[in-house]
Amino acid sequence: MLPDKIHFGAIMDVGKAEMHTGNFPEPGPEDIVVKMNICNICTNDYQQFNGMRKKDLPMAAGHECSGYIVWKGKNVNPLYEIGMQVSNFINSCGVCYECRTGNQDLCTGKFSEDGPCSDGFYGRKPGERGFSDYMVVNQRRMISVSNDIAPACAAFLEPFSAALHGLRKGHVMPGEDVVIIGGGTMGLVNAQTAHALGARVIITEIDPYKIDRAKSMGVADVIDSRNNNAVEEVKRLTKGKGADVVVPCVGLSAAYKQAYDMLRKAAGRFIIYSAGYPAPEFPPDMVNSNKVHYNKLDIIGTIGANSSDCADASRFISNRLVKPEFILQLNKPIPLRDIQKAYEFASTPGTYRISVDLQGV
Ligand SMILES: [Zn+2]
Ligand SMILES: [Zn+2]
């Protein structure tokens with residue numbers, strides 16, 4: 001028996017979020033109904049909440065989520081079983097040029113997200129919202145994650161997919177030296193992913209709490225860049241060569257300069273994974289076209305992930321090649337009815353991922 005109401009969290013105004021109730025969407029023959037466990041609050045989410053990123057409001061969203069299948073339509077693939085844990089997969093049409101060429105996250109064929117949904121909320125349609133006690137979605141929109149994995153960890157599928165996408169664009173090879181600037185959530189996601197790809201990983205961080213957290217993962221050398229010259233330390237650790245790949249996960253000009261200074265002289269790859277507000281400046285040397293040419297420098301922009309990144313990230317998480325539990329804030333998940341509190345906590349500088357308990361309605 002499916003419920004007749006669905007609960008979801010929404011940002012009503014800058015700094016104001018609340019739980020709402022709507023009618024339970026009618027599932028179709030290719031839909032699955034997922035009883036949701038956890039949605040983690042993405043950087044993107046809390047920056048919309050605190051007004052750093054402008055979005056149309058009110059907005060109902062959430063995409064770092066997981067739950068168990070409780071119902072499936074008659075045309076759903078038998079690979080899906082009742083009770084199976086699933087997480088959010090890419091929304092793509094499968095037939096547009098971008099989808100056909102493997103860039104499903106750039107799909108131009110999906111429904112427009114420009115206007116408000118039928119119930120007046122921007123963002124995701126009813127049934128497709130991550131901050132919700134149920135999802136009612138086409139089977140293509142979810143991917144399985146082993147039931148052995150804790151729900152808050154299974155919910156990390158999207159950030160790990162995105163990190164994998166960026167590191168693959170940077171052609172990270174086993175044994176290469178990859179430096180991650182910043183040991184916050186995105187820094188640690190990138191560090192674990194680079195480690196899973198076989199790279200030697202170095203993290204730089206100034207905050208003692210984050211330094212401890214980064215060290216505790218056991219996958220990286222961690223430089224305390226408040227008490228050390230991080231550029232010299234990277235040179236020392238790489239026997240003077242410098243990093244093959246740098247990933248600044250701090251959206252500041254100073255971090256970009258430091259990352260560039262650490263990069264190996266020739267054939268280095270500079271991956272721009274995260275945005276900053278205001279946008280970080282490139283070091284002038286880095287964007288000198290002759291230097292880019294002579295140094296064979298790759299400046300790589302990345303966001304999102306394609307379907308194979310998601311499928312592979314699902315295996316990385318399911319087979320414990322990455323350990324999302326190191327990237328969670330150590331508190332009990334906050335119930336959906338207290339979504340205001342959850343967003344406020346997530347907006348507090350220095351926190352790792354905050355989990356929302358989606359059955360707490
Ligand atoms: Zn996210
Ligand atoms: Zn498409």
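The rules behind each value
- Residues numbered from 1 in each chain as written.
- Chains lettered and ligands numbered in written order.
- Predicted model: local features only at pLDDT ≥ 70, side-chain atom pairs only at ≥ 80, totals over all residues.
- Heavy atoms only, no water.
- Donors = N, O, S within 2.8 Å, 3.2 Å for Na, K, Ca; no water.
- Tetrahedral: all angles 85-135°; square planar, octahedral: opposite > 155°, others 65-115°.
- Domains from an automatic or database assignment.
- Contact = heavy atoms within 4.5 Å.
- Buried area = accessible area lost by both parts, 1.4 Å probe.
- Salt bridge = Lys/Arg side-chain N within 4 Å of Asp/Glu carboxyl O.
- Polar contact = N/O pair within 3.5 Å; in protein donor to acceptor, adjacent residues only side chain to side chain.
- Helix = DSSP H or I, 4+ residues; strand = E, 2+ residues; numbered from the N terminus.
- Axes fitted to C-alpha atoms, helices over the stretch in contact; angles between N-to-C directions.
- Parallel < 35°, antiparallel > 145°, perpendicular 65-115°, else oblique.
- Left-handed = near helix turned anticlockwise from the far one by under 90°.
- Pairing = 2+ DSSP bridges.
- Expected span 1.5 Å × (residues − 1).
- Buried < 20%, exposed > 50% of the residue type's maximum accessible area, 1.4 Å probe, protein only.
- Nonpolar A, V, L, I, M, F, W, Y, C, P; charged D, E, K, R; others polar.
- Phe/Tyr/Trp six-rings, centres within 6.5 Å; stacked < 30°, edge-to-face > 60°.

Draft legend 1. Molecular detail of the coordination of the zinc ion (ligand 2). Note on the zinc ion (ligand 2): its protein donors are Cys93 (SG), Cys96 (SG), Cys99 (SG) and Cys107 (SG). The metal-donor distances range over 2.3 to 2.4 Å. One can describe the site at the zinc ion (ligand 2) as tetrahedral: its 4 donor atoms subtend angles covering 103 to 118° at the metal. On the primary sequence, the residues serving as donors to the zinc ion (ligand 2) are separated as C-x2-C-x2-C-x7-C.

Draft legend 2. The domain arrangement of the protein chain, seen in detail. Each domain of the protein chain was delimited in the assignment, giving domain 1 (5-156 + 322-357) and domain 2 (160-301). Computed from C-alpha atoms alone, the centre-to-centre distance between domain 1 and domain 2 is 29 Å. Across the contact, 18 residues belong to domain 1 and 16 residues belong to domain 2. For the pair domain 1 and domain 2, the summed buried surface comes to about 1,500 Å²; carbon and sulfur atoms form 59% of the total. For the interface between domain 1 and domain 2, the tally reads 0 salt bridges. At the boundary of domain 1 with domain 2, the tally comes to 5 residue pairs in polar contact (both at pLDDT 80 or more).

Draft legend 3. Representation of unusual backbone geometry. Cis geometry is found at the peptide bond from leucine 57 to proline 58, where omega equals 0°. Relative to the helices and strands, proline 58 is located in the loop between helix 1 (43-49) and strand 4 (59-60). Cis geometry marks the peptide bond from tyrosine 277 to proline 278, where omega comes out at 0°. Phi is positive for lysine 239, which is not a glycine, with a value near 55°. Topologically, lysine 239 is positioned in the loop between helix 7 (230-237) and strand 13 (245-248).

Draft legend 4. Representation of the coordination of the zinc ion (ligand 1). Only Cys42 (SG), His63 (NE2), Glu64 (OE) and Glu158 (OE) from the protein coordinate the zinc ion (ligand 1), and they sit 2.1 to 2.4 Å from it. Given 4 donor atoms and angles of 84 to 162° at the metal, the environment of the zinc ion (ligand 1) is assigned as irregular.

Draft legend 5. Fine view of the packing of helix 7 against helix 8 (residues 253-262). Where helix 7 contacts helix 8, the two axes come as close as 9 Å, and the packing angle between them is 25°. As judged from the angle between their axes, helix 7 and helix 8 are roughly parallel. When you trace helix 7 past helix 8, the crossing you get is right-handed. Along the contact surface, helix 7 presents Ala230, Val231, Val234 and Lys235, while helix 8 presents Gln258, Asp261 and Met262.

Draft legend 6. Representation of the pairing of strand 5 (residues 64-72). Alignment of strand 3 (residues 31-40) against strand 5, held across 8 bridges, turns out to be antiparallel. Pairing of cysteine 39 across the sheet is with cysteine 65, part of strand 5. Of the pairings in the sheet, the one linking strand 5 to strand 6 (residues 85-88) comprises 3 bridges and is antiparallel in character. Its bridge partner lying in strand 6, serine 66 is registered against serine 87.

Draft legend 7. Structural view of helix 10 (residues 307-318). For helix 10, built from 12 residues, the straight-helix expectation of 16 Å at 1.5 Å per residue is met to within 8% by its first-to-last C-alpha distance of 16 Å. For helix 10, the set of buried residues is Asp309, Cys310, Asp312, Ala313, Ser314, Phe316, Ile317 and Ser318. Positive phi shows up at arginine 320, right after helix 10, with a value of about 65°.

Draft legend 8. Quick look at the packing of helix 4 (residues 157-169) against helix 10. With their axes 8 Å apart at the nearest point, helix 4 and helix 10 run at an angle of 115° to one another. Handedness of the helix 4/helix 10 crossing: right-handed. Residue-level contacts link Leu157, Phe160, Ser161, Leu164, His165 and Arg168 of helix 4 to Ser308, Asp309, Cys310, Asp312, Ala313, Ser314, Phe316 and Ile317 of helix 10. Here the residues of the contact of helix 4 with helix 10 are counted per class, giving 7 nonpolar, 4 polar and 3 charged.

Draft legend 9. Examining the packing of aromatic side chains more closely. Enumeration over the complete set of coordinates arrives at 8 aromatic pairs. Seen from their ring centres, phenylalanine 8 and phenylalanine 121 are 5.1 Å apart, and the 90° between their planes marks the pair as edge-to-face. Linking phenylalanine 8 in strand 1 (residues 5-13) with phenylalanine 121 in the loop between helix 2 (97-100) and strand 7 (122-123), this pair joins segments that are 113 residues apart in sequence. We note that phenylalanine 8, like phenylalanine 121, is buried.

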